[in-house]
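Observations on chain architecture
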Amino acid sequence: MAVSIKLTVAVLLTLALAAFMDFIISKPSFMDFITSKPSFMDFITSKVGENAPETQQPVQCVMSPDRRFDCGRDRVLSQGECEQRACCYSPLTNSSRAPWCFYPHVYPGYSMSALTPTHRGQAATLTRDSPSYLPRDVPALHLQETQESAGCLRLTLKDPWTRRYEVDLPSGVPQGKATAQDALYAIKYQTQPFGFVVTRKSNGRVLMNTTVAPLLFSDQYLQLSTSLASSLVSGLGEHYTPLILDLNWTSLTLWNRDMAPHPHANLYGSHPFYMVQEEDGLAHGVFLLNSNAIEVILQPLPALTWVSTGGILDLYIFMGPDPQTVLRQYLQVIGYPMMPPYWSLGFHLCRWGYTSTNMTRRVVQRMRDANLPMDVQWNDLDYASKSRVFTFDPVRFRDIKDMVEEFHEKGLKYILILDPGISTTSPPGTYQPFDDGLKRDVFIKNATGHLLIGKLWPGPTAFPDFTNPETRHWWEDCIRAFYAQVPMDGLWIDMNEPSSFVSGSLEGCPDTDVENPPYTPRVIGGRLNSGTLCMSAEQKLSTHYNLHNMYGLTEAFATHSALVKVRGKRPFVLSRSSFPSIGRFSGVWTGDVRSDWEQLRYSIPSVLRFSLLGVPLVGADICGFQGNTTEELCVRWMQLGAFYPFMRNHNDRQYASQEPYVFGQKAQTAMRIALNLRYSLLPFLYTLFHHAHTSGDAVARPLFMEFPADPNSQIIDRQFLWGSSLLISPVLEEGAVDVVAYLPPCTWYSLHNGQPFHSEGQFLVLSAPLDTINIHVREGHIIPQQEPALSTTTSRKNPFLLTVALSAEGSACGDLFWDDGDSMDSFEGGSYSYVNFTAGQSQVVSNPIEMNGTLDGLMLGAMQVFGVPSQPQYVVANGEEVRDFVYNSDTKVLKVSRLTLPMSKMITVQWAP
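Here the structure is a predicted model, which is why all the values come from computation and not from measurement. The numbering scheme is per chain: residues are counted from 1 as the chain's sequence reads. Note on the predicted model: pLDDT of at least 70 is required for a residue's local features to be given, and 80 or more for side-chain atom pairs to be given and counted; whole-chain, interface and lining totals, by contrast, use all residues. The basis for every side-chain value is the complete set of non-hydrogen atoms in the structure, without hydrogens or water.

1. Considerations on the state of the cysteines
Under the convention used in this document: In this description, a disulfide is simply a cysteine sulfur pair whose atoms lie within 2.5 Å. Helix and strand assignments come from DSSP, with helices taken as H or I runs of at least 4 residues and strands as E runs of at least 2, each series counted from the N terminus.
Scanning the model with the defined rule gives 5 disulfides in all. Paired through a disulfide, C623 and C634 show a sulfur-sulfur distance of 2.0 Å. Classification of the bridge connecting C623 and C634 rests on its S-S torsion, roughly 85°, and on that basis the disulfide is right-handed. Linking C623 in the loop between β30 (621–622) and α13 (631–641) with C634 in helix α13, this pair joins segments that are 11 residues apart in sequence.

Shown next as structure tokens:
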């Protein structure tokens, strides 16, 4: 009996101490005290050990499964191997995916010296008393804390003695000007084992706590864990996931790969940035500036672990305090996105399978014959001679220049594909891009210094090294020479992860640590060089091991720069591969999506995720790239695609045609309605891109960006917003003729007829027959529109329409940015017009703020005002009575038509109740 009582007391003491440790581990001030008193910790451990049964876990190892941080990320460990690492081993019999081998509450790590002031922050040295279990451990680290701004903290951990690759983004980083007193955050350090805790000053909320697991830093394995402030985490693209990430022991790998979107796969882009929605509508973000292969482990504590295979730990923490401000702070680091040409916001049509100029011409003509708006015709690799870029087939595309000039005469633009792989098998003197590139030493080399040869569509290929300045000059020369033959309006850079049809090279790769690192994240193919180049390949800046994820970014930068110099106009570039800051140079599409309803649904979180990652010009291949679409699917996808910021229909050559004109008249009518709706809204969309370019505002937005404190809005990814004022609620299920839509708290007006919905934050069933997509305008906003046409060349000359959605107080506001749509730096050079719209006291005023002549000759032709409470007795425009107005007493909509009011002048439209 005495023994059993003794054991019971020991068990209770163990459980109590475990709970106590769970509590204090989240309290950095307590941890500072305890870990600074080793004798106290020794006393606890020894006393528990005296009374615990032999089968009982040490108190350091007693913790709930969701608090376990994996001690065996690099490989599966037996119990003996786990305990050799001084970790805890405790198998779980339930279905939990929590690790069996995990770190104890306190684990040996780095010790931190005293902080010393620096020019823009403070610094310290971290040292290890003994090596970790990792090969080539780094025994000492330099910690630099920098206040970039009041809302941005930067923490950098690097080896002070050995130079390691560090990412240098093209945009640079802003210099902080705020004082420590201005900072929105507070940071406390745990000195041994090292960790830090970042809190929000306004409410004391813990945003990051890295004391939950040890910091590890070796040559090819860097690990940092942190608790999370909530489970509402977004970002970490590019993956096939909902907008809000699953934290139930999931793993996301950031390693660019030519891989069609599907779950549990690393895809085309890598963006190590996440945003967390907190309570009360607050939010923060974290950016790890690192280009190596990264695995991010999410667990339900909630917590997150970064594991990188190289580089340094360079963390930016953005304090918001709201989601839109977090995005702006992130963009201040990576750079604001480019301003796209106006025409690029129109409809694009492409297919791999337009095998001649005559076939391409017929596509354009059939679109015109069907009265379907389009701005840009594309050609895939069909145009190229023997699949070699910078060439065109001398028979099938012999008159390509004439074709492009015909398109230009019709007000259309032309884009073609450009893969990075340069054919190496043409006879000397017959393929200038390779011959000249060889002379100028622009191609990536293998580890022995010889040309690395992979394989793409033309066969054996060399790959340009865009980190080399000479390569960028050569690339510009190639584009300039080709432009003289084919005056294209933009370039589509594909296969730029980079993709190769052989892994590594035709000669294989050497057996080295960069090809076979001690730890490889969960990548498709199991090896870092699967479907791409050797990791040991040499580039100007570093090895491909360090630069792989940035290949598409460096190509986009080179292509953007070349188009500026060659065309002298605003460039259009579309890239498949991506990395932070690519939005400055390029748009992105979501790759080889399938023609099915699931991929239609997942395209919304994919587009919204890129918006959160600083790439507003984004869309999915409408109707799908792979597989045969159906008429209904294609109609619904065209309706949704009309609200992608970038709208392109594109499919593979082996599948059935899916151009809008191939379907029946009912489907064509529905698609025409969607296209005309988009074209009518292009002035509004273009203005949103202006704000993205100049202020970092999102174009396509998740609902939580506008309604961050609304619990329903926090998780929705089947609807989205354009800016702050247009709510898009598409049909996403086969056979559906209505849609369940959530309307956040406020009044929303149907854009179709002005019908008001006074929502308290509720779901509604909205009618959605095949020809309808539900769009709602938020109260208090004014939307500039324009009469649609078959191209933006024509529509830009048409009269404007203002849609005014009055608030309960009878007010609203909006704006219009307008320039020639194609010139470089029109805003920066002051060559633009800007109009401010306001409504209140039964009138709407259009007030020109800046005028440069681009609005001259353009008229306001009509106005519709939603939420007018009573029948107006009369309407006056600029002092003159208007007879053409209609009021609907059921919907409370006032429509004023047949106006001819110059947009370049002040306009006042009044009505008398």
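2. Observations concerning the packing of helix α12 (residues 597–612) against α13
If you want to describe how two helices pack, look at the angle between their axes and the distance between the axes. Operational definition: Interaxial angle, 0 to 180 degrees, is taken between N-to-C directions of lines fitted to C-alpha atoms, where a helix line uses only the stretch in contact. Comment on the angle field: the value is read as roughly parallel under 35 degrees, roughly antiparallel over 145, roughly perpendicular from 65 to 115, and oblique elsewhere. Contacts are residue-level and defined by heavy atoms, with any inter-residue pair within 4.5 Å sufficient.
Their axes nearest at 11 Å, the elements α12 and α13 cross at an angle of 5°. One element, α12, and the other, α13, form an angle in the roughly parallel class. Across the interface between the two elements, W597, Q599, L600, S603 and I604 from α12 touch E632, L633, R636, W637 and L640 from α13.

3. Here's the deal with the sheet that holds strand β32 (residues 700–701)
Pairing between sheet strands relies on hydrogen bonds along the backbone, with the strands arranged either parallel or antiparallel. Put simply, the rule reads: Strand pairing requires that DSSP identify at least two bridges connecting the strands.
An order of β32-β33-β34-β39-β36-β37 is seen for the 6 strands of this open sheet, with the pairing classed as antiparallel. Among the strands making up the open sheet, the edge pair consists of β32 and β37 (756–759). Bridging between strand β36 (residues 746–750) and strand β39 (residues 774–778) involves 3 bridges; their strand directions are antiparallel. When the bridges of β39 are listed, W748 appears paired with R778. Here helix α14 (residues 665–695) sits on the sheet and contacts β33 (720–722), β34 (726–729) and β39; the angle it forms with β33, its principal contact strand, is near 75°.

4. A short note on the sheet that holds strand β27 (residues 573–575)
With respect to topology, 9 strands assemble into an open sheet ordered β29-β28-β27-β26-β22-β21-β20-β31-β30, the strand pairing being parallel. Edge strands, defined here as strands with exactly one partner in the open sheet, are β29 (618–619) and β30. Alignment of strand β22 (residues 413–418) against strand β26 (residues 490–493), held across 4 bridges, turns out to be parallel. Within β26, the residue paired with I415 across the bridge is G490.

5. Structural notes on the packing of aromatic side chains
Definition in use: Between 30 and 60 degrees the pair is tilted, below 30 it is stacked and above 60 it is edge-to-face, where a pair is any two Phe, Tyr or Trp rings, Trp via its six-membered ring, whose centres lie within 6.5 Å. Burial classes follow relative accessibility: with a 1.4 Å probe on protein chains only, a residue under 20% of its type's maximum area counts as buried, one over 50% as exposed, and anything between as partly exposed. A ring is considered to have a charge above it if a Lys NZ or an Arg CZ atom is located within 6 Å of its centre and within 35 degrees of its normal.
Following the criterion strictly, the structure yields 42 aromatic pairs and no others. Arranged with centres 6.3 Å apart and planes meeting at 10°, the rings of Y316 and F318 form a pair that is stacked. Take Y316 and F318: they sit in the same class, and that class is buried. Here W378 and F572 contribute two aromatic rings whose centre-to-centre distance is 6.1 Å and whose plane-to-plane angle is 85°, an arrangement assigned as edge-to-face. Remark: F572 occurs in the loop between α11 (551–567) and β27 and W378 occurs in strand β21 (residues 376–379); sequence separation between them is 194 residues. For W378, a relative accessible area of 0% corresponds to the buried category. Judged by relative accessible area, which is 0%, F572 ranks as buried. Clustering of aromatic rings is evident, with ring pairs tying together Y383, F390, F434, F443, F466, W474, W475, F482 and Y551. Just above the ring of W352 sits the side chain of R653; from NZ or CZ to the centre is 3.8 Å.

6. Some details on helix α8 (residues 432–439)
Turning to α8, its buried residues are P433, F434, D435, D436 and G437. Considering only its buried residues, α8 is in contact with β23 (422–423), β25 (459–462) and α9 (469–485). D441 sits one or two residues past α8 and shows a positive phi near 55°.

7. Some words on the pattern of salt bridges
Rule in force here: What makes a salt bridge here is a side-chain nitrogen of Lys or Arg within 4 Å of a carboxyl oxygen of Asp or Glu, nothing more.
The full count for this structure, using the stated rule, is 38 salt bridges. One salt bridge connects D74 with R85, and the closest N-O pair in it is separated by 2.7 Å. Here R85 lies in the loop between α4 (79–84) and β1 (88–89) and D74 lies in the loop between α3 (38–51) and α4, a separation of 11 residues in the sequence. When the shortest N-O distance is used, the salt bridge between R440 and D477 registers 2.8 Å. Pair noted here: R440 is in the loop between α8 and β24 (454–456) and D477 is in helix α9, with a separation of 37 residues, a long-range link. The exposure class of D477 is partly exposed, given its relative accessible area of 35%.

8. Concerning a nonpolar patch on the surface
Short version of the rule: Within this analysis, patches are made of residues with over 30% relative accessible area and no salt bridge. Like charges are joined at 9 Å or less; nonpolar side chains (Val, Leu, Ile, Met, Phe, Trp, Tyr) at 5 Å or less. Areas reported here follow the Shrake-Rupley algorithm with a probe of radius 1.4 Å; residue values treat only the protein chains shown as occluding.
There is a patch of nonpolar side chains on the surface, built from V740, F763 and V765 and spanning about 310 Å² of accessible area. Looking at the secondary structure, you find V765 in strand β38 (residues 762–767).

9. Focus on the environment of M359
Position of M359 among the secondary structure elements: in helix α6 (residues 357–369). Judged by its relative accessible area of 24%, M359 is partly exposed. As for M359 and Q843, which are separated by 484 residues in sequence, their C-alpha atoms are 53 Å apart. Those residues in contact with M359 that sit more than four places away from it in its chain are G353 and Y354.

10. Focus: the pairing of strand β17 (residues 294–299)
Buried residues dominate β17, accounting for 6 of its 6 residues. Covered by surrounding structure in β17 are I294, V296 and L298 together with E295, I297 and Q299, the residues of both alternating faces. Relative to β17, strand β14 (residues 250–254) is paired through 5 bridges, and the arrangement is antiparallel. Considered in β17, the bridge of S251 is made with I297. Where β17 folds back onto strand β18 (residues 303–308) in an antiparallel hairpin, the turn is made up of 3 residues.

11. A few points about the nonpolar core
Test applied: Take the buried Ala, Val, Leu, Ile, Met, Phe, Trp, Tyr and Cys residues and link them wherever side-chain atoms come within 4.5 Å; each set so joined is a nonpolar core.
Of all hydrophobic cores here, the largest spans 187 residues; its most connected members are F287, W722 and V804. Sorting elements by how many residues they give to this core places α14 first, with 14 residues. Leave out the neighbours within four places in its chain, and V804 touches H781, I782, A812, A839, V844, M863, Q864, V865 and F866. Counting residues in each nonpolar core, the second largest holds 43 residues, with V233, L254, L313 and I317 among its members.

12. Some points on the pairing of strand β44 (residues 843–850)
Here is the key point about a regular strand: its side chains alternate between the two faces of the sheet. Both strand β43 (residues 833–839) and β44 contribute to a ladder of 6 bridges, which runs antiparallel. Looking at the pairing, T838 lines up with V845 of β44. Where β43 folds back on β44, the antiparallel hairpin that results is connected by 3 residues, among which Q841 adopts a positive phi of roughly 55°. Looking at chain direction, β44 and strand β51 (residues 907–912) are connected through 4 bridges and run antiparallel. In the strand pairing of β51, V845 is matched with T908.

13. Thoughts on the side chain of S904
In this fold, S904 is placed in the loop between β50 (901–902) and β51. You can call S904 buried: its relative accessible area is 18%.

Nothing here speaks to function; it is geometry throughout.
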